[in-house]
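# Overview (structure and organization)
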Amino acid sequence: MKLVSEVGVGTVAAGVAKAKADHVTIAGHDGGTGASPWSSIKHAGTPWELGLAETQQTLVLNRLRGRISVQVDGQMKTGRDVAVGALLGADEFGFATAPLIVEGCIMMRKCHLNTCPVGVATQDPVLRRKFTGQPEHVVNYFFFVAEEVREIMAQLGFRTFDEMIGRADLLDMRTGIEHWKAKGLDFSRVFYQPQMPADVARHQCEMQDHGLARALDHQLLAAAEPALGKRQPVRLNYRIRNANRSVGAMLSGAVACRYGHEGLPDDTIHVAFEGVAGQSFGAFLARGVTFELQGATNDYVGKGLSGGRIVVYPDPTCPATPEENIVVGNTVMYGAIDGEAYLRGVAGERFCVRNSGATAVVEGLGDHGCEYMTGGTVVVLGKTGRNFAAGMSGGVAYVYDRDGSFVQNCNTAMVTLEPLLSEAEQMAADALLITAGKGRIRHRQRFDEPLLRELIERHLRFTGSTLALKLLDNWEASRAKFVKVFPNEYIRALSELYGKENAVMPAVARKQKEAA
Amino acid sequence: MGKITGFLELTRIREAMQAPRERVRHYREFILTLADDEAAKQGARCMDCGIPFCQTGCPINNIIPDWNDLVYRHQWQQALDVLHSTNNFPEFTGRICPAPCEESCTLNINDDPVGIKSIEHFIIDKGWGEGWVKPQPPSRATGKRVAVVGSGPAGMACAQQLARAGHSVVLFEKADRIGGLLRYGIPDFKMEKDLIDRRMEQMAVEGVEFRVNAHVGHNVAASRILEEFAAVVLTGGAEASRDLPVPGRELAGVHFAMEFLPQQNRIVGGEAVDGQISAEGKHVVVIGGGDTGSDCVGTSNRQGAASITQFELLPQPPDVEDKPMVWPYWPVKLRTSSSHEEGCERDWAVATKRFEGTDGKVERLIASRVEWQKDAQGQMRMAEVAGSEFAMRADLILLAMGFTGPVATGLLEQFGVDRDARSNVKADTESYRTSVPKVFAAGDMRRGQSLVVWAIREGRQAARSVDELLMGKSLLPR
């Protein structure tokens, strides 16, 4: 957990430690990458010394310090920085700018433009050739840092680094600095050491007890043994509650251990849950695993989804109209790479952010849907929040735009909005593009209409959505209201791919392919 | 910022020049300013660096990325405003500055730097051409009188800044025309002198009074200046040439570069010079491998020298510097000036031992080769290479070995200011105050021989310090 150094950060760090984090970073105000906005660089946080001192004092006072490692960063450059950090209570230190400079960074602040002239922060092969850094340079730099730390430790009489952590009593303030801002400074609160018994840890010396022994996944693993061992289908039923977090992650790990990313045949392990799931329901779910939940979930459903299927629908006895009510939380399918999700109801914010290949059907969204998405297919059967498709560079989203308001909510900086053509129309449009020499390969190599229709049909089949049924019943009218969100970069890539394939493919083979 | 990918797509443009064979026939400038779209392309290569090293590489901290961008966008008048905000005389620096900014350009690490100097040259020529350079007289006068002694670039910049702040400034010059070494040191083919006249017109409207043939410490008493003026800025330059005290130094035909160059400038300027030192038909040897030496080469070529040889004491520097080692600082590397291109022999690691001649006229130069090696303290030491002595025919020998400091007699004696270990006037770069109350010093007189651009910087900063002394505060930029 990375925390901005500011007043009150100690309290947050204590909460983080109680919440079983292994590690907390106190980030000072000095840092900021070349790509970060001025507002963040100039106006976020306080010096790391203040945040670190507060964190150390709070953690020691609450007897939490031993089980969490504390890192500090923000323009760490010298061995002296490390020594001061250790005395104020840090176990670890984050270095970023200095090693970058060692590798040749000249602080161009163009990291976000792909034009780094020294080849550090760019993907451009021409510019990357200009990179002159070597690992040995970085190694050498850190040797210098370590040597300085060792010298300071020797002066202070420490044999091990652990002895040094939290010994703020050894710090002193330089007096006689002739600057009006330095007058009246009082560091006693920064140097304060809580008076605690000697057995209370001042540095990280034990591991967090993550309580994994009680995880629901242990039951899943045992019950799914026939599937894991002999690939026999299993059907399971569980009640679930919000204390059950990351359900499915360990199970998926077991699948991946034995069968790799290929996983198991579709639906080999089918688990039906009932209740309200805790955070990260179906995280990293592997191929061959289906989670079906009657009820609702918290945030992070299907995080990093890796081939599995997640189906969520509300309890049928619930009187609320499903397509008007939240059924899954925020940040659903974050960073998903493969698999599918059918969600009978509305999702929260940041739906499918950084999705790179998974398919999702949902009946409405909060803000920032499909942000930074690079691949996959998203079908939204209802309204979206604002800033939809910001930074989206791949994949396609189909949005049912009932009242024509979608364009106001979509961030069109990187995407084009197109009407959803019928199969025949799309075929004709493609022919035009091909004669113009700019042909396109279709998304998932299929026409949009049958693909969309199939996904809505599956949504109906898995969730029993009446909304899906209504749309399918009146398909021509519904189709006309769908908007295809097509990222410009994706269009360009598909066109280039088309050009490449045509360049290498003999005319005969091309004709055969087109006929097929 | 210019074009984001400009540096990847465009190459540096070198300003067009007349061919050497053409240009040695006259004393006019021969570098052609960029065309509009060439300048835009030149500016497009700027990367608008997060840390603009060019701006710190430039002694007057020209806001280079900004005007590069404005030139790229064809917004020349705005570019001129930004350029003038830090530089009083871009038409001087755009011609004769060695451009430390380009050495510290980020592109210079692994590519050709942005042609910053050519852009500066373009902007200011455009500005004069379009009539955008106008006098900026102060809105009200302060009634304070300031004397600026010495009218080189430091004195001119200082005087202009003070005049714009509302002070009535008198600029004293010992010679008969304003400009100092700009006028009488730098040959016309590098910078034509009507540029100085044009600036003088502007400065006169802004309220600067020029007083030529006024050699303070000689025909004007320092005490009178101190009585008449509320403050004095000494900007008299570092004009004491370094001599070469070897046997035969007294022979006719051995001259300082600063005896030789001003005469030609006077002649180009329409004055008559009795008994001009001329290189015509002579075998010329220039001793000293710096910019002044190079100016001697160019002038000798124009006068029709039979041969020109330039000697340098130090060994030949590398063609390309060790960039990771020196960037963004000024590198020591082989520099071939336009004057060198016009024809001369250059030789390095040569020490002159004596001059020989008959009838009091020099005919030969005897020199030997030297080797430079580090001694036990790590200092470079020179040692003669045994048996390397050689003779060289020489009818005219020009000594261009730099300057030791300001001329001590007259001015500095009368003001009685303290000097530093290098014989320059002692003053810091915050206040520019000398040891004598209300007497300031700036430019070469304070820092020793240096670039025009450093002189402008010091003149500007000293003006601010003077303004602060007179008014209690100052709005002039530092």
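Keep in mind the model is a prediction, meaning the values are calculated, not measured.

## Let's talk about the overall build of chain B
If you tally the helices and strands in chain B, you get 20 helices and 16 strands. In terms of overall size, chain B behaves like a compact globule, its C-alpha atoms giving a radius of gyration of 23 Å where 478 residues would be expected to give roughly 23 Å. When its C-alpha atoms are laid out on the principal axes, chain B stretches across 70 × 60 × 50 Å. Residues counted as buried form 47% of the 478 residues belonging to chain B. Of all intrachain contacts in chain B linking residues separated by at least 6 positions in sequence, the fraction that spans at least 24 positions is 70%.

## Comments concerning the overall build of chain A
In terms of helices and strands, chain A carries 19 helices and 14 strands. Along the first, second and third principal axes, the C-alpha set of chain A runs to 85 × 55 × 45 Å. Expressed as a percentage of its 516 residues, the buried residues of chain A come to 39%. Across chain A, every contact between residues at least 6 apart in sequence was considered, and the portion connecting residues at least 24 apart equals 53%.

## Some points on the packing of helix H10 (residues 153-164) of chain B against helix H20 (residues 452-471) of chain B
All names here are of chain B. Viewed as axis vectors pointing N to C, H10 and H20 meet at an angle of 35°, and their least axial separation amounts to 7 Å. Here H10 runs over H20; the crossing is right-handed. Along its contact with H10, which presents Pro-153, Ala-154, Gly-155, Met-156, Ala-157, Cys-158, Gln-161 and Leu-162, the element H20 presents Val-452, Ala-455, Ile-456, Glu-458, Gly-459, Arg-460, Ala-462, Ala-463, Val-466 and Asp-467. Broken down by class, the residue content of the contact of H10 with H20 amounts to 12 nonpolar, 3 polar and 3 charged.

## Some thoughts on the interface of chain A and chain B
At the interface, 12 residues of chain A touch 12 residues of chain B. Grouping the constituent residues of the side of chain A that touches chain B by class yields 7 nonpolar, 2 polar and 3 charged.

## A short note on the sheet that holds strand E14 (residues 482-487) of chain A
Residue and element names in this part refer to chain A. One open sheet accounts for 10 strands, arranged E5-E6-E7-E8-E9-E10-E11-E12-E14-E13; its pairing is mixed. Bordering the open sheet on either side are strand E5 (234-240) and strand E13 (415-419), each of which pairs with just one other strand. Pairwise comparison of adjacent strand axes, ignoring direction, gives a mean angle of 15° for this sheet. Pairing geometry for strand E8 (residues 306-313) and strand E9 (residues 338-343), over 5 bridges, is parallel. Residue pairing for E9: Val-312 is matched across the bridge by Leu-343.

## A closer look at the sheet that holds strand E3 (residues 208-211) of chain B
Residue and element names in this part refer to chain B. The strand order across the open sheet built from 5 strands is E3-E2-E1-E4-E16, with neighbouring strands paired in parallel fashion. The open sheet has two free edges, formed respectively by E3 and strand E16 (439-441), since each of these has just one partner strand. Ignoring which end each strand starts from, the neighbouring axes of this sheet average 20° apart. Pairing between strand E2 (residues 168-172) and E3: 4 bridges, direction parallel. From the neighbouring strand, Phe-172 faces E3, where its bridge partner is Arg-211. Strands in contact with H10 are strand E1 (145-149), E2, E3 and strand E4 (231-234); relative to E2, the strand with the most contacts, it is inclined by about 165°.

## Some thoughts on the pairing of strand E11 (residues 361-374) of chain B
Look at any regular strand and the pattern is simple: side chains alternate between the two faces of the sheet. Residues and elements named next belong to chain B. Bridging between strand E10 (residues 350-358) and E11 involves 8 bridges; their strand directions are antiparallel. If you follow Ala-351 over to E11, its bridge partner there is Ser-368. Hairpin connection between E10 and E11: a loop of 2 residues separates the two successive antiparallel strands, and Asp-359 in this loop has a positive phi of roughly 55°. In this sheet, strand E13 (residues 390-393) lies alongside E11 in antiparallel orientation, the contact comprising 4 bridges. Within E13, the residue paired with Ile-366 across the bridge is Ala-391. Here E11 pairs with strand E12 (residues 380-384) via 5 bridges, running antiparallel. What sits directly across from Val-370, in E12, is Glu-384. Where E11 hands over to E12, the hairpin turn is made up of 5 residues, of which Gly-378 adopts a positive phi near 85°.

## Considering the domain arrangement of chain B
Residues and elements named next belong to chain B. Parsing chain B into structural domains produces domain 1 (6-130), domain 2 (145-239 + 404-471) and domain 3 (243-401). Facing 18 residues of domain 1, the contacting portion of domain 2 comprises 22 residues. Ranked by residue count, the leading element in the side of domain 1 that touches domain 2 is helix H7 (residues 90-96), at 5 residues. Along the lines of polarity and charge, the residues of the side of domain 1 that touches domain 2 split into 10 nonpolar, 3 polar and 5 charged.

## Thoughts on the domain arrangement of chain A
Examined at the domain level, chain A breaks down into domain 1 (2-191) and domain 2 (320-515). For domain 1 of chain A versus domain 2 of chain A, the separation of C-alpha centres amounts to 43 Å.

## Concerning the environment of Pro-487 of chain A
All names here are of chain A. Tracing the sequence through the fold places Pro-487 in strand E14. The buried category is assigned to Pro-487, around which 23 C-beta atoms lie within 10 Å. Linking Pro-487 and Asn-140, residues 347 residues apart in sequence, is a C-alpha distance of 44 Å. When near neighbours in sequence (up to four residues on either side) are disregarded, Pro-487 contacts Met-392, Ser-393, Gly-394, Met-414 and Val-415.

## Side note on helix H12 (residues 194-206) of chain B
Here H12 of chain B contains 13 residues, and its C-alpha end-to-end distance of 19 Å stays within 8% of the 18 Å for a straight helix at 1.5 Å per residue. Looking one or two places after H12 of chain B, you find Gly-207 of chain B, whose phi comes out positive at around 115°.

## Here's the deal with unusual backbone geometry
With an omega of 5°, the peptide bond running from Trp-327 of chain B to Pro-328 of chain B counts as cis. Along the chain, Pro-328 of chain B falls in the loop between helix H16 (323-326) and helix H17 (338-341). Residue Gln-445 of chain A is not a glycine yet carries a positive backbone phi of 55°. With respect to the helices and strands, the residue Gln-445 of chain A is situated in the loop between helix H14 (423-435) and helix H15 (448-463). On the basis of neighbour counts, which here come to 7 C-beta atoms within 10 Å, the residue Gln-445 of chain A falls in the exposed class.

## Focus on the nonpolar core
Generally speaking, soluble globular proteins have nonpolar side chains that are buried together. Residues Val-71, Val-233 and Phe-440 of chain B are the most contacted members of the largest nonpolar core, which totals 98 residues. No other element matches H20 of chain B, which puts 9 residues into this core. With sequence-adjacent residues up to four places away left out, Phe-440 of chain B is seen in contact with Ala-231, Val-232, Val-233, Leu-234, Ala-427, Tyr-432, Arg-433, Thr-434, Ala-462, Ser-465 and Val-466 of chain B. Listed in part, the 81 residues of the second largest apolar core include Phe-273, Val-379, Leu-455 and Leu-467 of chain A.

## Topic: helix H9 (residues 116-130) of chain B
Residue and element names in this part refer to chain B. Its 15 residues place the ends of H9 21 Å apart at the C-alpha level, agreeing with the 21 Å of an ideal helix rising 1.5 Å per residue. Within H9, 11 of the 15 residues are buried, which leaves it mostly tucked inside the rest of the structure. What H9 keeps buried is the set Ile-116, Lys-117, Ser-118, Ile-119, Glu-120, His-121, Phe-122, Ile-123, Ile-124, Lys-126 and Gly-127. Residues of H9 that are buried make contact with helix H3 (36-44), helix H4 (53-57), helix H5 (64-72), helix H6 (76-86), H7 and helix H8 (100-103). The positive-phi residue at the C-terminal boundary of H9 is Gly-131, with phi of around 75°.

## Quick look at the environment of Cys-46 of chain B
Residues and elements named next belong to chain B. Assignment of secondary structure puts Cys-46 in the loop between H3 and H4. Here Cys-46 falls in the buried class, since 30 other C-beta atoms lie within 10 Å of it. On a C-alpha basis, the gap between Cys-46 and Thr-5 in space is 9.3 Å, while along the polypeptide they are 41 residues apart.

## Some thoughts on the packing of helix H10 (residues 216-223) of chain A against helix H12 (residues 249-259) of chain A
All names here are of chain A. Their axes nearest at 8 Å, the elements H10 and H12 cross at an angle of 40°. The orientation of H10 relative to H12 falls into the category oblique. Packed against H10, whose contacting residues are Asp-217, Leu-220 and Leu-221, the element H12 presents Ala-249, Met-250, Leu-251 and Ala-254 at the interface. Class assignment for the residues of the contact of H10 with H12 results in 6 nonpolar, no polar and 1 charged.

Conventions used here
- Residue indices begin from 1 for each chain and proceed along its sequence in written order.
- Going through the entries in the order they are written, you letter the chains from A and number the ligands from 1.
- It should be noted that, the model being predicted, local features are given only for residues of pLDDT at least 70 and side-chain atom pairs only at 80 or more, the latter also being counted only at that level, while totals for whole chains, interfaces and linings use all residues.
- A helix here means a DSSP run of H or I that spans at least four residues, while a strand means a run of E at least two residues long, and both kinds are numbered starting from the N terminus.
- With the radius of gyration taken over C-alpha atoms, the globule rule is written as 2.2 Å times the number of residues to the power 0.38.
- We call a residue exposed when 12 or fewer other C-beta atoms sit within 10 Å of its C-beta, buried when the count reaches 20 or more, and partly exposed for counts in between; the C-beta positions come from the backbone.
- A pair of residues counts as a contact when their C-beta atoms, built from backbone coordinates, are separated by no more than 7 Å.
- Orientation is described by lines fitted to C-alpha atoms, with helices fitted over the stretch in contact, and by angles between N-to-C directions that extend from 0 to 180 degrees.
- By convention, the crossing between two helices is left-handed when the near helix turns anticlockwise from the far helix through less than a right angle, and right-handed when the turn is clockwise.
- Each residue gets one of three labels, nonpolar for Ala, Val, Leu, Ile, Met, Phe, Trp, Tyr, Cys and Pro, charged for Asp, Glu, Lys and Arg, and polar for the others, Gly among them.
- Two strands are said to pair when DSSP picks up at least two bridges between them.
- As used throughout, domain bounds are those supplied by an automatic or database domain assignment.
- Multiplying 1.5 Å by the helix residue count minus one yields the expected span of that helix.
- Defined on buried residues, the nonpolar core groups Ala, Val, Leu, Ile, Met, Phe, Trp, Tyr and Cys residues joined through C-beta atoms within 7 Å.
- What sets the label is the angle itself: under 35 degrees gives roughly parallel, over 145 gives roughly antiparallel, 65 to 115 gives roughly perpendicular, and the rest give oblique.

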